[in-house]
Amino acid sequence: MGQFTPTPHDPDARGHFGPWGGRFVPEALIAAVDELAAEYDKARLDPDFVAEFQRLLRDFAGRPSLLTEAAKFAEHAGTRVFLKREDLNHTGSHKINNVLGQALLTKRMGKKRVIAETGAGQHGVATATACALLGLDCVVYMGEVDTERQALNVARMRLLGAEVIPVKSGSRTLKDAINEALRDWVTNVDETHYLLGTAAGPHPFPLLVRDFHRVIGIEAREQVLEKAGRLPDAVVACVGGGSNAIGIFHGFIDDADVRLIGIEPGGSGLDSGSHGATLTAGTPGSLHGAMSYVMQDEDGQITEAHSISAGLDYPGVGPEHSHLKDIGRAEYFPVTDAEAMEAFALLSRTEGIIPAIESSHALAGALKLGPSLGEDGLLVVNLSGRGDKDMDTAVEYFGLADGGRA
Amino acid sequence: MSLADVFATARAESRAALIGYLPAGYPTISGSQHHLRSMVEAGCDLVEVGLPFSDPVMDGPTIQAAAEQALSAGFRVRDLFDVVSSVSEAGGRAVVMTYWNPVLRYGVDAFARDLASAGGLGIITPDLVPDEADDWMAASAAHGLDRTFLVAPSSTEERIAMTAKASSGFLYATAVMGVTGARDVVSSAAPALVARVREHTSLPVGVGLGVRSGAQAAEIAGFADGVIVGSAFVSAVAEGEGAVRALAADLAEGVRSAAATV
């Protein structure tokens, strides 16, 4: 099955996955999302578009990404573990898949300007990269808090020619960056494409972002069959907005015996109230254009998410995840900041791979899940990004500058 | 009195209706009640009571800051109905303008019920399009509330027709592509949009986004049935009651001094 082949899991024509998804956006944006949906419908069936996308994935992003068995890490998990190495993609995370796809769509629509939001900076860097490659103007909105904790990525984006605008409203993190990007979009929609970085937002974003990331799951399934001769017992991925997770899940969604497990940012623990575990602890609502689980108070005011990982620090989640949770096809549970940081250090030490703190949540999930599967079990963990960008956080967390070690 | 009556009255006087916006709870709950009543007394035919929301993607900095202030002072959704009541009890007419999530959370039918019993006439829904509004269509019908959806310069003919059909009371035409906030000049897109809307409906059309002076109000009153002013009232509140009354009076004069083309 190809990456763009329609599946029985696609949303309806108005973007609904069961009761989730849809379009909760101002009328002023409807023409733009209609245009995008129509363009994507044509592009996904256009062999030239698909070939150009695949060429960029291969020759620019460096796909296919490896599947690496993590034998020493696995000793701590009590089960066999393979890592899908999205950290090895150009720009250091899975984000490049979606960005290249949407940047090509932008050109097809004849638009010259791209805006994006970013949390950790991975999506912003990937967007700035694709815009440099394809000759598009690029503006990235980033919460002021995140520009401070991810200063290196701000510098990377600026070096790539993007304008980075620190967002000072609200909680000054990812959700406010999305708000500001939406305000820009509604003002400049004629010449601007909003290159949304996760499988959330109004239809058709959850569909097309997922499809651009389906390559992860398609590759992983082939690779695990080749290397292990069997399908995994479970596929584990971190979930903030949920794009890397939905991309790898879809490779296995029709394999009923493969559990799909999303790991949410548990922050300081669910009881503390300081977390970002939207699917575990949220309630239905509309945020940033779609119905999904959201973190909100009893008045429907969106509450702030908290995570040591800037990329998971989001009080919403893609609507397809809400659907997969409801129908029981995927399971979601949180791990804490401390558990994620422990897994971050463990993978670095045992395998010589420094993972992103986002991806470390998936690793921590694997450590929790592994013992129940036993030595004969097999997990595929989506290593969605590399940890270079997280060094400042690690230095502070582990006291590395003072001779400490993780 | 219904929304239809508000516009019929203005039309009978060969003028546009003046519609003023203020978020409930800004600067305080009692302060918003007071200022909204002043706006009515000084010439607003209708007031839009805004429901402060944590993530107001259609609003510019002025209204964002006002909503943030109201929320950090402890504004609750139930306070909205008290603010609406105080307007209707003083003889004013009020609709609510709200992002959709707080209504979803409160319960669409319960929200409609409580708004109707507070004397509110309808809801303006900036991030709810008719395509997603089945629950609201049912609840508004059940509780006798009007539905004001928005049209934009980017709306297609098909969408204008569909949106007009789903609306009652009046349609809200956004004069520019963009967020709320006072602007110096009236958008050139507004007259064209209103003309397109009139091809599809006889509903009154209100024009908002960027209006702040009597002169601008007069210009819009030349082609629209209602002139909607938001951010300018929010800014006036910061200067005090005198400024609020003066702005309302200036705008009220503006909607009366347009050429009678309505």
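Looking at an unreviewed UniProt entry, one finds chain B named Tryptophan synthase alpha chain and attributed to Lentzea xinjiangensis. A UniProt comment under Function (unreviewed entry) is attached to chain B, and it reads "The alpha subunit is responsible for the aldol cleavage of indoleglycerol phosphate to indole and glyceraldehyde 3-phosphate." Recorded in UniProt for chain B, the comment headed Subunit (unreviewed entry) runs: "Tetramer of two alpha and two beta chains."

The name that an unreviewed UniProt entry assigns to chain A is Tryptophan synthase beta chain, with the source organism given as Lentzea xinjiangensis. For chain A, the Catalytic activity (unreviewed entry) comment in UniProt is given as "(1S,2R)-1-C-(indol-3-yl)glycerol 3-phosphate + L-serine = D-glyceraldehyde 3-phosphate + L-tryptophan + H2O". Listed in UniProt under the heading Sequence similarities (unreviewed entry), the comment for chain A reads: "Belongs to the TrpB family."

Asker: Describe in detail the overall build of chain B, supporting the description with residues and values.
Answerer: Check the secondary structure of chain B and you find 12 helices and 9 strands. For 262 residues, the compact-globule estimate of 2.2 N^0.38 gives 18 Å, and chain B sits close to it at 16 Å. Along the first, second and third principal axes, the C-alpha atoms of chain B reach 45 × 45 × 30 Å. Counting over 262 residues, chain B shows a buried share of 63%. Partitioning the contacts of chain B with sequence separation of at least 6, the portion at a separation of at least 24 is 72%. Accessible surface, chain B as shown: approximately 8,900 Å² in total, 51% of it carbon and sulfur.

Asker: Quick one: what's the story with the overall build of chain A, residue by residue and with numbers?
Answerer: Across its full length, chain A holds 15 helices and 14 strands. Expected size for 406 residues packed as a compact globule is a radius of gyration near 22 Å; at 19 Å, chain A falls within 12% of this value. By its C-alpha atoms, chain A is 55 × 45 × 45 Å across when sized along the principal axes. In chain A, which comprises 406 residues, the share counted as buried stands at 66%. Sequence separation of 24 or more characterises 74% of the internal contacts of chain A that already satisfy a separation of 6 or more. Carbon and sulfur atoms make up 50% of the accessible area of chain A, which amounts to about 13,400 Å² in all.

Asker: Please give an account of the packing of aromatic side chains that cites residues and values.
Answerer: Residue and element names in this part refer to chain A. For the structure shown, the criterion picks out 18 aromatic pairs over all chains. Considering the side-chain rings of Phe-344 and Phe-398, the 6.4 Å spacing of their centres and the 10 degrees angle between planes classify their relative orientation as stacked. Within this pair, whereas Phe-344 is found in helix H13 (residues 337-351), its partner Phe-398 is found in helix H15 (residues 391-398), the two being separated by 54 residues in sequence. The ring of Tyr-293 has Lys-325 lying over it, and the distance from NZ or CZ to the ring centre is 5.6 Å.

Asker: Run through the pattern of salt bridges, naming residues and quoting values.
Answerer: Think of it this way: side chains of opposite charge can pair up when their charged atoms draw near. As enumerated under the stated definition, the model contains 43 salt bridges over all chains in all. In this structure, the salt-bridge partner of Asp211(A) is Arg210(A), at a minimum N-O distance of 3.2 Å. Here Asp211(A) matches Arg210(A) in class, with each residue buried. The residue Asp131(B) makes a salt bridge to Arg159(B) at a minimum N-O spacing of 2.9 Å. Note that Asp131(B) is positioned in the loop between strand S4 (122-124) and helix H7 (134-143) and Arg159(B) in helix H8 (residues 157-166), a separation of 28 residues in sequence. Judged by relative accessible area, Arg159(B) falls into the buried class, the value being 11%. Through salt bridges with shared partners, a single network forms among Asp10(A), Arg44(A), Arg210(A), Asp211(A), Arg214(A) and Glu320(A).

Asker: How would you sum up the sheet that holds strand S5 (residues 113-118) of chain A? Please name residues and give values.
Answerer: Residues and elements named next belong to chain A. Taking strand neighbours across the sheet as the criterion, the 4 strands line up as S7-S6-S5-S8 in an open arrangement whose pairing is parallel. Two strands bound the open sheet, and with one partner strand each, they are strand S7 (163-167) and strand S8 (192-194). Going across the sheet, the axis of each strand differs from the next one's by a mean of 25 degrees, ignoring polarity. Alignment of S5 against S8, held across 3 bridges, turns out to be parallel. In the sheet register, Ile-115 faces S8, and the bridge partner there is Tyr-194. Sheet strands touched by helix H8 (residues 174-188): S5, strand S6 (137-143), S7 and S8. Its angle to S5, the strand with the most contacts, is close to 160 degrees.

Rules of the game
Residues numbered from 1 in each chain as written. Chains lettered and ligands numbered in written order. Predicted model: local features only at pLDDT ≥ 70, side-chain atom pairs only at ≥ 80, totals over all residues. Heavy atoms only, no water. UniProt positions renumbered as here; feature names shortened; annotations may be inferred. Helix = DSSP H or I, 4+ residues; strand = E, 2+ residues; numbered from the N terminus. Rg over C-alpha atoms; globule rule 2.2 N^0.38 Å. Buried < 20%, exposed > 50% of the residue type's maximum accessible area, 1.4 Å probe, protein only. Contact = heavy atoms within 4.5 Å. Areas by Shrake-Rupley, 256 points an atom, 1.4 Å probe, with all protein chains shown as cover. Phe/Tyr/Trp six-rings, centres within 6.5 Å; stacked < 30°, edge-to-face > 60°. Lys NZ or Arg CZ within 6 Å of the ring centre and 35° of its normal. Salt bridge = Lys/Arg side-chain N within 4 Å of Asp/Glu carboxyl O. Pairing = 2+ DSSP bridges. Axes fitted to C-alpha atoms, helices over the stretch in contact; angles between N-to-C directions.

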